[in-house]
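The residues making up each chain are set out below.
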Amino acid sequence: MRRDRSSLAKYETGLGLISAIFVIVIIALLVAAMSKVMTIGQGYRSQEALATRALLAAQTGAELHLSELLHPDNGNSCANTTRTLTVDGLQDCNYQASCAVITISGQNFYTINSVGRCGSGVDSATRTVKVRVTD
């Protein structure tokens, strides 16, 4: 015997609602997971940008210190400097450059150590650049 359609429909009532709720829950979980991944990725990119800016601040410090050290009017004075940078792209960054001199066989070797820092607190980065030159 064949069942008629009205009795089959009676057994399938509510299946569409349960299926729709299941699909909505799965999609909501996927959206939440993708949102978490995007948030973590943005944090890494932000920290990477700070680290790059800190490296550029350290390189700037080393080059400026080297320029002052080797300038003929300064007499090769090896001094320590700290500066806050105000140029576009390096705002909220500073560098601290120190200098040491070693004389070997009558020749001076200067070592410039520059530490660049950007940001503050948890959102900060520090990079170091070391340069050695002779006069």
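Look a little higher up for the structure.
Residues numbered from 1 in each chain as written. Predicted model: local features only at pLDDT ≥ 70, side-chain atom pairs only at ≥ 80, totals over all residues. Heavy atoms only, no water.

Q: I tried to follow the overall build of the chain on my own but got confused; where do I start?
A: A count of helical and extended segments in the chain gives two helices and four strands. Helices (α) and strands (β) of the chain occur, in sequence order from the N terminus, as α-α-β-β-β-β. Counting the 135 residues in the chain, one finds 21% classified as buried. Carbon together with sulfur atoms contributes 59% to the accessible area of the chain, which is approximately 9900 Å² in total. (Helix = DSSP H or I, 4+ residues; strand = E, 2+ residues; numbered from the N terminus. Buried < 20%, exposed > 50% of the residue type's maximum accessible area, 1.4 Å probe, protein only. Areas by Shrake-Rupley, 256 points an atom, 1.4 Å probe, with all protein chains shown as cover.)

Q: How should I be thinking about the side chain of Ser114 in this particular structure?
A: Its location among the elements puts Ser114 in strand 3 (residues 107-120). At 2.8 Å, the side chain of Ser114 and the backbone oxygen of Ala58 are in polar contact. Here the side chain of Ser114 touches Ala62 through a polar contact of 3.4 Å, landing on its backbone nitrogen. Ignoring anything within four residues of it in the chain, the contact list for Ser114 reads Ala57, Ala58, Gly61, Ala62, Tyr95, Gln96, Ala97, Arg127, Thr128 and Val129. (Polar contact = N/O pair within 3.5 Å; in protein donor to acceptor, adjacent residues only side chain to side chain. Contact = heavy atoms within 4.5 Å.)

Q: For this particular structure, what's the right way to read the sheet that holds strand 3?
A: Backbone hydrogen bonds are what pair the strands of a sheet, in a parallel or an antiparallel way. Overall, antiparallel pairing links the four strands, which are arranged 1-2-3-4 in an open sheet. Bordering the open sheet on either side are strand 1 (81-85) and strand 4 (123-134), each of which pairs with just one other strand. The average angle at which neighbouring strand axes cross in this sheet is 20°, direction not considered. Alignment of strand 2 (residues 93-104) against strand 3, held across 12 bridges, turns out to be antiparallel. Counterpart to Thr103 in the pairing with strand 3 is Asn108. Packed onto the sheet, helix 2 (residues 15-70) meets strand 1, strand 2, strand 3 and strand 4 and runs at close to 30° relative to strand 4. (Pairing = 2+ DSSP bridges. Axes fitted to C-alpha atoms, helices over the stretch in contact; angles between N-to-C directions.)

Q: What am I meant to see in a nonpolar patch on the surface here?
A: Where nonpolar side chains cluster on the molecular surface, the patch consists of Leu17, Ile21, Phe22, Val23, Val25, Ile26, Ile27, Leu29, Leu30 and Val31 and spans about 960 Å² of accessible area. Within the element layout of this structure, Leu30 appears in helix 2. We classify Leu30 as exposed; its relative accessible area is 51%. (Patch = residues over 30% accessible without salt bridge, like charges linked within 9 Å, V, L, I, M, F, W, Y side chains within 5 Å. Salt bridge = Lys/Arg side-chain N within 4 Å of Asp/Glu carboxyl O.)

Q: Would you mind going over the pattern of salt bridges with me for this structure?
A: Oppositely charged side chains are able to pair whenever their charged atoms sit close together. Tallied over the entire structure, the rule returns one salt bridge. A salt bridge links Glu68 to Arg83; the nearest nitrogen and oxygen atoms lie 2.8 Å apart. Linking Glu68 in helix 2 with Arg83 in strand 1, this pair joins segments that are 15 residues apart in sequence. By relative accessible area, which is 30% here, Glu68 ends up partly exposed. On the basis of relative accessibility, which here comes to 34%, the residue Arg83 falls in the partly exposed class.

Q: Where do I start with the side chain of His65 in this structure?
A: Residue placement: His65 occurs in helix 2. Residues within four places of His65 in sequence aside, it is in contact with Ala79, Asn80, Thr81, Ala97, Ser98, Cys99 and Ile112.

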